[in-house]
Amino acid sequence: MSKFFSRNKPLIKEFFSRSFGIIGVALLIFYIAMSIAAPIDAPNVLSNWISIDAWQDNPRAVPPVWYMQLINAPYFPTITLESTNHEDSNLTGLYQSVITITLSNTYQGLPTGFVFYITYEYSSQVLTTLTVVRPDNNNITLNVGNAISFPVTNKTISYTTRLTSDTPQLKEDIYKWLSSHKINLTGFPSSANIIIGHMLFSKLNQNILYRENAEPLQGIYKFVLYAFSFAPVSITDFKIIIDGNAYGIMGTDGNKRDVWAGLLWGAPIALMIGTLTSLFSLIIGLVYGVYSGYFGGRLDEILMRIVDVLISIPVLPLLILFLVYFGRASSIWIIIFLISIFGWMGIARVARSSALQIKGYPFIEASKVAGASNTWIIFRHIIPQLLPYAYASLALGVPAAILTEASLSFLGLGDPNLPTWGQILNHAQDISAVQFGYWWLWIPPGLLIAGISLAFVFIGHALDEVLNPRIRRL
Amino acid sequence: MLLEIRNLKTYFFTSRGIVKAVDDVSLSLDEGQVLGLAGESGCGKSTLAYSIIRLIPPPGLTVGGKILFENTDILELDNDTFRKEYRMKKISMVFQGAMQALTPVYTVGEQLYEVFKYHMDVNYDEAKSLMEEQLKSVALDPSIMRRYPHELSGGQKQRVMIAMALLLKPKLVIADEPTTALDVIVQAQILNLLKQLQSKYGTSMILISHDLSIIAELADKVGIMYAGKLVEIAPALDIYKDPLHPYTQKLLKSIPRLKQKVEKLEFIPGVPPDLRNPPSGCRFHPRCPYVMDICKKVEPQLVEIKPNHYVACHLYSEGGKR
């Protein structure tokens, strides 16, 4: 490696003397950093991208937190609170376990929902209540236990339950709380008619019924969870997720997915699609073109006519046809394969013309005299001389492949299991993100696609200028 | 006898007709002998060389004759056997285009090592000492192995080519205009080197040149070719002292001399014939000063006029003028 650098020092220097080259490499480093960050920052996203369960605790289609701060809108971020700090006691045969979570609410906005995860270790019937201690002392008691159907057991087992702001028992309890505090519930004949996601954090007045009107109540909140049983019981874990009207760095999409995680994972996937496709096309094109040019004659004629036919077929409609044929089974590998198969013809033509020229040089004849086989001559003596061209076209082939994949994904023909930028755009299109103003669903992936294309185009052009003697600037 | 060529015919099947570049040529070469082949450009001397190493560029084909190398007809061998067993190992070649005969992307050492790779199972370290020795024998510093071709001068490149050609100690080396494109001093050095190496290894050599003075330096035996035919072949001294064929005579007169004062350099009037449609009879007859009727009709055969001196000319057959 160091030998490579010392040997090519002048070329590298020349490459970086071009602003193109510097910008391209800087952009590429940015994308590589994203690729490195993806598995660290969002480890399980790749396998869970289309899973509903993995994202069910997030708010739906909310903007990023920094955006709400920027436009100075009242917001409540999506937060997760967790405690395992339980106090267990035994009062003459009655076992009790308590966990308290405290939240200091300073946000100007209201949440849209909440989720409780409660993990018990128990062996007999458990009675559970959750008391929400509010700053205005209008405490709410939620009969959490009534909403849980504990599996019957004889020995101690661990069991986790999930309760949300849509759980009927919790709505019922809130309904009772509202009516006991003399809120006029006309128009809300039953608990099923109210939406409670924001109510825990709202001021208790008539406006609480609608989230748009409700006034946020700031201060210290305490969530005190009690569990009672006649057998040993303990709450080993209590987790509260409060869904805000803002989420993380890039908000969420219509399927509650974290857009930032998707964008991060888009970088390694795009780089992989781009480099693999470009590499495959390059290898096919180089070998095909050089064989054709080197052997010449009728073989050359036939091979080049095949190229003419393939090159005159419009690729995108053909790809669409193939992918419709593969349907939902169209994995990323099939897409890479198809783009490669239809992307090598231009390279083959250039490689052929170079091979025609190089095969006339005496050193090819000298190798033949020395006893080299045709294959050896092609791979050792002709193709290495095409490498300058190959590097440039490798770099220029990457954005072409990425854009093709993005177009196919946007049309809904990509691999649905992977968070590619094209897929995110496709989803934005599906939920009419532009009309609803969900800009975080289409601007960032669009910019990222444009940026990665630019990176490789810049690098490719700089490489071409440095390596291609015909357009080299001296 | 190391090499015997019998009635070799190599034609180029171009779209505009068949070019008979080598037509019915027979000659032989003993071990350790140097054969010079001379003639104008396009007379088929290079094609003859390429026929021996079986690398005639398409659309050329050897259509007839035999090339017996150590009594094996090498034209009968299949391509792979010939490539692996003969090229470089038994028959090697030094090119005229020394300037471009090395691949620009590899070092000299890598390219020399390739020769070993094609033919034997040796690793680089084993081959290295052999290569160093070989480079020393062509008066090059072994450190040149780490250099790329563009770092070498023309003479150095030609020396590398010679080293490469002799690397596997072949029985026969074909030197096709080994000194063209080199300046005169380097030419002399290369010729001396060839001479020295040839006598050192006892290699047979076919030296091809349009320059009779270069051939005179090295050759034991000289063949003169004209329009795809061998017109005269004789020991070197005989050719220079007593050329028989009118073409040979003219060719020798057209060489500028250092020691003799020459009024005017002679040249041979006319142009070499179109090999697609060569003249009937003797192919030299349109340009021959001694042309007779028979020359236009009957093709002369190579006849031994003096011991080992063969000539194809009607002047020396029965009924000829001399």
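Quick caveat: nothing in here was measured; it's all calculated off a predicted structure. Residue indices begin from 1 for each chain and proceed along its sequence in written order. Working convention: letters from A go to chains and numbers from 1 go to ligands, in the order in which they are written. For a predicted model such as this one, the threshold for reporting local features is a pLDDT of at least 70, and the threshold for listing and counting side-chain atom pairs is 80 or more; totals across whole chains, interfaces and linings nevertheless cover every residue.

Draft legend 1. A look at the overall build of chain B. When its secondary structure is counted, chain B shows 10 helices and 12 strands. Relative to a compact globule of 322 residues, whose C-alpha radius of gyration would be 20 Å, chain B shows 21 Å and is just as compact. Oriented by its inertia axes, the alpha-carbon framework of chain B measures out at about 65 × 50 × 40 Å. Labels follow a simple rule on C-beta atoms placed from the backbone: if 20 or more others lie within 10 Å of a residue's own, it is buried; if 12 or fewer, it is exposed; otherwise it is partly exposed. In chain B, which comprises 322 residues, the proportion classed as buried is 44%. Comment: elements are numbered from the N terminus, with helices defined as DSSP H or I runs of at least four residues and strands as E runs of at least two. We compute the radius of gyration over the C-alpha atoms and compare it with the globule rule, which gives 2.2 Å times the number of residues raised to the power 0.38.

Draft legend 2. The overall build of chain A, seen in detail. Counting its secondary structure elements, chain A contains 18 helices and 9 strands. For 474 residues, the compact-globule estimate of 2.2 N^0.38 gives 23 Å, and chain A exceeds it by more than 25% at 32 Å. Seen through its principal axes, chain A has C-alpha atoms that stretch 100 × 50 × 50 Å. The buried share of chain A, taken over its 474 residues, is 40%.

Draft legend 3. The arrangement of the confidence of the model for chain B in detail. Scored from 0 to 100, pLDDT records how confident the predictor is in each individual residue. The pLDDT averaged across chain B works out to 85; a share of 97% of its residues lies at or above 70. Among the prediction metrics, the complex's ipTM stands at 0.78, with pTM recorded as 0.80.

Draft legend 4. Highlighting the packing of helix α3 (residues 19-41) of chain A against helix α8 (residues 259-295) of chain A. All names here are of chain A. Look at α3 against α8: their axes get within 7 Å of each other, and the N-to-C directions meet at 125°. Our classification of the angle between α3 and α8 gives oblique. Between α3 and α8 lies a crossing whose hand is left-handed. Contacts from Tyr31, Met34, Ser35, Ala37, Ala38 and Asp41 in α3 reach Leu264, Trp265, Ala267, Pro268 and Leu271 in α8. Helix axes are fitted only over the stretch in contact, all axes being lines through C-alpha atoms; the angle between N-to-C directions runs from 0 to 180 degrees. In this scheme, roughly parallel covers angles under 35 degrees and roughly antiparallel covers those over 145, while 65 to 115 is roughly perpendicular and the rest are oblique. Handedness of a crossing follows from how the near helix is turned relative to the far one, being left-handed for an anticlockwise turn of less than a right angle and right-handed for a clockwise one. Contact between residues is assigned whenever the C-beta positions, reconstructed from backbone atoms, fall within 7 Å.

Draft legend 5. Region of the structure containing the nonpolar core. In terms of nonpolar packing, the biggest core is built from 216 residues, with Ile174(B) and Leu207(B) touching the most fellow members. Excluding residues that lie within four positions of it along the chain, Leu207(B) makes contacts with Val34(B), Leu35(B), Gly36(B), Ala175(B), Ile215(B), Leu218(B) and Ala219(B). Note on definitions: a nonpolar core is a set of buried residues drawn from Ala, Val, Leu, Ile, Met, Phe, Trp, Tyr and Cys, linked by C-beta atoms within 7 Å.

Draft legend 6. The arrangement of the environment of Glu132(B) in detail. Residue and element names in this part refer to chain B. With respect to the helices and strands, the residue Glu132 is situated in helix α4 (residues 124-137). A residue is classified by how many C-beta atoms lie within 10 Å of it, and Glu132, with 18 of them, is partly exposed. For the pair Glu132 and Met145, spaced 13 residues apart in the sequence, the C-alpha separation amounts to 8.2 Å.

Draft legend 7. Geometry of the sheet that holds strand β9 (residues 234-243) of chain A. All names here are of chain A. Two strands qualify as a pair provided that DSSP identifies no fewer than 2 bridges between them. Read across the sheet, 4 strands follow the order β1-β9-β4-β7 without closing on themselves; strand pairing throughout is antiparallel. Each edge of the open sheet carries a strand with a single partner, namely β1 (79-83) and β7 (157-164). Strand-to-strand, the axes of this sheet are offset by a mean angle of 10°, without reference to chain direction. Looking at chain direction, strand β4 (residues 113-122) and β9 are connected through 9 bridges and run antiparallel. Along β9, the bridge assignment pairs Thr119 with Asp237.

Draft legend 8. Looking closely at the environment of Ile378(A). Residue and element names in this part refer to chain A. By the secondary structure assignment, Ile378 is in helix α14 (residues 374-382). Sequence separation between Ile378 and Phe4 is 374 residues, and the spatial gap between their C-alpha atoms is 23 Å. Residues in contact with Ile378, not counting those within four places in the same chain, are Val290, Tyr291, Tyr294 and Ile383.

Draft legend 9. The arrangement of the sheet that holds strand β12 (residues 309-311) of chain B in detail. All names here are of chain B. Overall, mixed pairing links the 8 strands, which are arranged β6-β7-β8-β3-β9-β10-β12-β11 in an open sheet. Unpaired on one side and paired on the other, β6 (91-94) and β11 (303-306) mark the two borders of the sheet. Across the sheet, the mean angle from the axis of one strand to that of its neighbour is 20°, orientation sign disregarded. By the bridge criterion, 3 bridges tie β11 to β12 in an arrangement that is antiparallel.

Draft legend 10. The arrangement of the packing of α8(A) against helix α11 (residues 332-341) of chain A in detail. All names here are of chain A. Close contact between α8 and α11 brings their axes to 8 Å; oriented N to C, the two are set at 40°. It follows from the interaxial angle that α8 and α11 lie oblique. Viewed along their axes, α8 and α11 form a crossing whose handedness is right-handed. Every residue of α11 that contacts α8 at Ile273, Leu276, Thr277, Phe280, Ser281 and Ile284 is listed here: Ile332, Ile336, Ile339 and Ser340. By the convention adopted, Pro, Cys, Tyr, Trp, Phe, Met, Ile, Leu, Val and Ala count as nonpolar, Lys, Arg, Asp and Glu as charged, and the other residues, Gly among them, as polar. Looking at the contact of α8 with α11 residue by residue, the class counts come to 7 nonpolar, 3 polar and no charged.

Draft legend 11. Structural context of the interface of chain B and chain A. With 21 residues of chain B in contact, the opposing surface of chain A contributes 15 residues. Elements represented by at least two residues in the side of chain B that touches chain A include exactly α2 (79-86), β6 and α3 (108-119) of chain B. The element best represented in the side of chain B that touches chain A is α3(B), accounting for 4 residues. Classifying every residue of the side of chain B that touches chain A gives 12 nonpolar, 5 polar and 4 charged.

Draft legend 12. Layout of unusual backbone geometry. Here the amide bond leading from Pro58(B) into Pro59(B) is cis, since omega sits at 10°, within 30 degrees of zero. With respect to the secondary-structure elements, Pro59(B) resides in the loop between α1 (45-52) and β4 (60-69). For Ala61(A), which is not glycine, the phi dihedral falls at a positive 50°. By the secondary structure assignment, Ala61(A) is in the loop between α4 (45-48) and α5 (65-70). For Ala61(A), a count of 20 C-beta atoms within 10 Å translates into the label buried. Unusually for a residue other than glycine, Ser432(A) sits at a positive phi of about 55°. Along the polypeptide, Ser432(A) turns up in the loop between α16 (421-430) and α17 (433-436).

Draft legend 13. Molecular detail of the environment of Ile364(A). Residues and elements named next belong to chain A. Examined against the element boundaries, Ile364 turns out to sit in helix α13 (residues 362-369). Spatially, the C-alpha atom of Ile364 lies 92 Å from that of Asn90, the residues being 274 residues apart in sequence. Discounting chain neighbours no more than four positions away, the residues touching Ile364 are Ile358, Lys359, Ile377 and His381.

Draft legend 14. α1(B), seen in detail. Residues and elements named next belong to chain B. Within α1, 8 of the 8 residues are buried, which leaves the element mostly enclosed by the surrounding structure. Every buried residue of α1 is accounted for by Lys45, Ser46, Thr47, Leu48, Ala49, Tyr50, Ser51 and Ile52. Where α1 terminates, the next one or two residues include Arg54, which has phi positive at roughly 60°.

Draft legend 15. The pairing of β9(A), seen in detail. Residues and elements named next belong to chain A. Summarising burial for β9: 7 of the 10 residues are buried, a large majority. Here β1 pairs with β9 via 5 bridges, running antiparallel. Its bridge partner lying in β9, Ile79 is registered against Ile242.

Draft legend 16. Structural view of the confidence of the model for chain A. Predicted confidence across chain A gives a mean pLDDT of 89, with 98% of residues reaching 70 or more. Considering each helix and strand of chain A separately, the mean pLDDT is smallest for helix α1 (residues 2-7) of chain A, with a value of 73, and largest for α8(A), with 94.

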